[in-house]
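Working through the structure, step by step
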Number of protein chains: 2
Amino acid sequence: MDEGTASVGRPRAFDEETVLDRAVEVFWRHGYEGTSLSALTGAMGINRPSLYATFGSKEELFRRAFARYRETRVAYAAVALELPTAYAVIEEHLRSAVDALTAGDHPPGCLSIQGGLACSPENARVSEFLAAGRAAGEEALERRLARAVQEGDLPPHVDPRALARFVMAVGEGHAVHAAAGATREELHASVDIALQAVAAMSGRTAGAAGAS
Amino acid sequence: MDEGTASVGRPRAFDEETVLDRAVEVFWRHGYEGTSLSALTGAMGINRPSLYATFGSKEELFRRAFARYRETRVAYAAVALELPTAYAVIEEHLRSAVDALTAGDHPPGCLSIQGGLACSPENARVSEFLAAGRAAGEEALERRLARAVQEGDLPPHVDPRALARFVMAVGEGHAVHAAAGATREELHASVDIALQAVAAMSGRTAGAAGAS
DNA sequence: ACCCCACCTTACCGCTCGGTACAAAAAATG
DNA sequence: CATTTTTTGTACCGAGCGGTAAGGTGGGGT
């Protein structure tokens, strides 16, 4: 019944996390449906039966890969939430997202989006799964911003949900841009502009927008 | 040698634009790789040889579908560019984009992104093609905003390229959200926030952001 | 009325897909 | 060293993929 440390039998010739990282990269670059089993086994350096014995199926491997991606590549989001002010949280979130989207040691963009925004009907579960992951991040940010409103860090008229959605939308848009080749500097210039909205909402000149 | 009006022989039993609109919808909902020939012919109401005789291949059909999508569904972007001020251009662009992203008579989201952000290597041309389409829209907006700077409508320190990129990124983020089920009202609330950045940049309180 | 020719229908092509059966191979156990 | 247990490599499975060949079908032109 004890799991994890199988002692008897032939030991594995690969490290599970290592090959999982390879799978992350392939899914990241080509999406769920754009990634074939052959591409996976080729990149992971293992063969098909090993993959299935370890991960169960292509879809389960993808779920594992996405979980590992969030742990290893989106950790910055949790770090940003710890900062003391809403402005700092949002700036850190967007800045480190841009840095992650344009780092050279992995595919550009974001697995949450490139993994499969739209899929064939039989793979609809995959896009729903990814959307749920993004929604979870947005809710965490929303809670943090709601706290900022309660603490008086943001004015009471600010809607934390809308602001969280705006920040996530900007990040997702940057992911789309990064996937298409935008540079780090270009995206930071866009962050500059997004932050002006946050600054305006943070009380300095609230209501400056001309919209009714 | 005259094209377009084939007079001899059996006439087509379908209208080319009508079946193309059906193809747009299927690609829009399931992406390029998530759409099979069977799904296409089923939705278009024609059979495979008719499709190939008319459109050449799946990829060419997609290109035609994307062109038609831009003509019929993204016409609002060109309309927005005609408005007199940069603020109005941006607001109209984002507002009508949200309305288009959440209209009930077609799939939610945006074909440019759902069509295939990441594809398998053999379909890489498709995602490049879509990215080129998005870049074209961004450049058109950039030119319009550059004109606004020249006219004094935007302050001289505003970078039209960065602002256009920001606006497009927000729109793309909204497309991702819409594909995941965000409502029209939710996205308009995000537009409200984005417009605060534009208002701040438009001269009222430029430099309010604390970022260095 | 005839013929013609493009279109529609059916059935099929080679290929790759995700997934698996089976036996050789390799370490721990006795 | 034989046995056990697990992994590995190879070779294969049915199904669906994108794309096509060939003949029946039906609305023109003359």
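This write-up is about the structure you can find in this document. Quick caveat, the model's predicted, so the values are computed rather than measured.

Moving on to the protein's contact with DNA strand D. Around DNA strand D, a shell composed of 21 residues is seen, among which A:Asn47, A:Ser50, B:Arg10, B:Leu37 and B:Tyr52 lie nearest. Among the atoms of DNA strand D lying within 4 Å of the protein, the sugar-phosphate backbone contributes 65%. In this structure, B:Leu37 approaches DNA strand D through a main-chain N or O atom, which is 2.5 Å from a phosphate oxygen. Contributions of two or more residues to the surface near DNA strand D are made by helix H3 (48–55) of chain A together with helix H2 (37–44) and helix H3 (48–55) of chain B. Sorting elements by how many residues they give to the surface near DNA strand D places H3(B) first, with three residues. A per-class count over the surface near DNA strand D returns nine nonpolar, seven polar and five charged.

We now examine the packing of helix H1 (residues 16–30) of chain B against helix H4 (residues 58–73) of chain B. Between two packed helices, what matters for the description is the angle formed by their axes and the separation of those axes. Residue and element names in this part refer to chain B. Between H1 and H4, the shortest axis-to-axis distance is 9 Å and the interhelical angle comes to 95°. Judged on the interaxial angle alone, H4 and H1 are roughly perpendicular. The segment H1 lies against H4, with Glu 16, Glu 17, Leu 20, Asp 21, Ala 23, Val 24, Phe 27 and Trp 28 engaging Lys 58, Leu 61, Phe 62, Arg 64, Ala 65, Arg 68, Tyr 69 and Arg 73. Here the residues of the contact of H1 with H4 are counted per class, giving nine nonpolar, no polar and seven charged.

Let's shift gears to the side chain of A:His174. Looking at the element boundaries, A:His174 is found in helix H9 (residues 160–179). Those residues in contact with A:His174 that sit more than four places away from it in its chain are A:Val98, A:Leu101, A:Leu187, A:Ser190, A:Val191 and B:Ala169.

Least-squares fitting of chain A to chain B yields an RMSD of 0.0 Å, with the superposition described by an axial translation of 0.0 Å and a rotation of 180°. Such a combination of turn and shift is consistent with a two-fold rotation axis. Looking at the interface residues of chain A, 100% of them are also at the interface in chain B, so both copies use one shared face.

With 51 residues of chain A at the interface, the matching set in chain B holds 51 residues. With both chains or domains summed, chain A and chain B bury close to 4,000 Å², and 68% of this area falls on carbon and sulfur atoms. Summed over the three residues of chain A that lose the most area to chain B, namely A:Arg165, A:Ile193 and A:Gln196, the buried surface amounts to 15% of that side. For the pair chain A and chain B, the interface holds two salt bridges. Salt-bridge contacts for A:Arg165 lead to B:Glu186; the nearest nitrogen and oxygen are separated by 3.8 Å. Across the contact surface, chain A and chain B share 10 residue pairs in polar contact (both at pLDDT 80 or more).

Definitions and limits used
- Residues numbered from 1 in each chain as written.
- Chains lettered and ligands numbered in written order.
- Predicted model: local features only at pLDDT ≥ 70, side-chain atom pairs only at ≥ 80, totals over all residues.
- Heavy atoms only, no water.
- Near = heavy atom within 4 Å.
- Polar contact = N/O pair within 3.5 Å; in protein donor to acceptor, adjacent residues only side chain to side chain.
- Helix = DSSP H or I, 4+ residues; strand = E, 2+ residues; numbered from the N terminus.
- Nonpolar A, V, L, I, M, F, W, Y, C, P; charged D, E, K, R; others polar.
- Axes fitted to C-alpha atoms, helices over the stretch in contact; angles between N-to-C directions.
- Parallel < 35°, antiparallel > 145°, perpendicular 65-115°, else oblique.
- Contact = heavy atoms within 4.5 Å.
- Least-squares fit on C-alpha atoms with pLDDT ≥ 70 in both.
- Buried area = accessible area lost by both parts, 1.4 Å probe.
- Salt bridge = Lys/Arg side-chain N within 4 Å of Asp/Glu carboxyl O.

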